[in-house]
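Listed below are the residues making up each chain.
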Amino acid sequence: MSLFNHHVCARSLSETGCAHCGAQGLIEGSLLRSASGWRPVEALMPHETLCVFPGGTVRLDGIEAEDIWRDPVDCPDRVRPLGVPVGALGNTDFLLLQQDMRVLFHDPDLDAALGTADVTIRAGDLIGFRGICPLAPPRRARLFRIALASEALLLVGGGVWLLYTPPICSLSRLAEGDGATSIIGGRSIRHLTAEKADVVLALQERRERMQDIRAPSRARGTGSQAASD
């Protein structure tokens, strides 16, 4: 194909470039837990009450939206949305996530090593975990950014806790470097680097494999006991 006939996304040639389409936020259609039940993010109104971790609520100060992936041609993997299969992260609904969003994991076994059982992992670091993978972007999807007074963990997709970070907190964490810690609702939340995330996910997968191995063994043992009785 001639270089002059090759279709290139106009946004990738702009000053903001592809990073615009990879910005943090909730993609249109994402279900968010509010005090009145599950709501698509596009249906939320300012001053609604949202459910936050651990077991609290917060008022939504505002919400804004803009089109992304206006002309999704040759989008690099880093700005493609992640498809999260049902159940992969405890979600009851299929979910599209921006790669720079952070997902909460709770694992008591981490407490001894990290000083907390609650950690967040960047969504982009979950690629390959339980079938999570980048997908072709939907054309002209809307990305919603919500305004809250402080950091919060919001429940989306029927069971996934996502970290919302106001811009000023994002800048503060950038100055501290990756691997910072937040105190949210009185709980210490550790934000893992990609390297530490790999270790935690490998431990999760190893535990699941061991459970799968033990399950047939238990089933066989039960059957043998029944036969001998």
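Residues numbered from 1 in each chain as written. Predicted model: local features only at pLDDT ≥ 70, side-chain atom pairs only at ≥ 80, totals over all residues. Heavy atoms only, no water.

> Teacher, can you tell me more about the sheet that holds strand β11 (residues 133-134) here?
In a beta sheet, neighbouring strands pair by backbone hydrogen bonds and run either parallel or antiparallel. Pairing is antiparallel in the open sheet, where 3 strands are placed in the order β8-β7-β11. Strands at the two margins of the open sheet, each flanked by one partner only, are β8 (95-97) and β11. With 3 bridges joining them, strand β7 (residues 82-84) and β8 adopt antiparallel strand pairing. Within β8, the residue paired with Leu82 across the bridge is Leu97. (Pairing = 2+ DSSP bridges. Helix = DSSP H or I, 4+ residues; strand = E, 2+ residues; numbered from the N terminus.)

> Help me out: how do you make sense of the sheet that holds strand β6 (residues 62-68) in this one?
With respect to topology, 3 strands assemble into an open sheet ordered β1-β12-β6, the strand pairing being antiparallel. Pairing within the sheet leaves two strands with one partner each, and these edge strands are β1 (26-27) and β6. In this structure, β6 lies alongside strand β12 (residues 141-147), joined through 7 bridges in antiparallel fashion. Among the inter-strand pairings, Asp67 is bridged to a residue of β12, identified as Arg142.

> Before we go on, may I ask you to explain the packing of aromatic side chains in this structure?
By convention here, two paired aromatic rings are described through the distance between centres and the angle between planes. For the structure shown, the criterion picks out 2 aromatic pairs. Where Phe53 meets Trp161, the ring centres are 5.5 Å apart and the plane angle is 65 degrees; that geometry is what we call edge-to-face. Taken together, the residues Phe53 in the loop between β4 (49-52) and β5 (56-59) and Trp161 in strand β14 (residues 160-164) connect sequence positions 108 residues apart. Owing to a relative accessible area of 13%, Phe53 belongs among the buried residues under this scheme. (Phe/Tyr/Trp six-rings, centres within 6.5 Å; stacked < 30°, edge-to-face > 60°. Buried < 20%, exposed > 50% of the residue type's maximum accessible area, 1.4 Å probe, protein only.)

> Could you clarify how one ought to interpret the pattern of salt bridges in this entry?
Opposite charge on two side chains makes pairing possible when the charged atoms of those side chains draw close. In this structure the tally under the stated criterion is 12 salt bridges. A salt bridge links Glu28 to Arg142; its shortest N-O distance comes to 3.1 Å. In this pair, Glu28 sits in the loop between β1 and β2 (31-34) while Arg142 sits in strand β12, placing the two residues 114 residues apart along the sequence. On the basis of relative accessible area, Arg142 is assigned to the partly exposed category, the value being 31%. The shortest N-O distance in the salt bridge between Asp61 and Arg59 comes to 3.4 Å. (Salt bridge = Lys/Arg side-chain N within 4 Å of Asp/Glu carboxyl O.)

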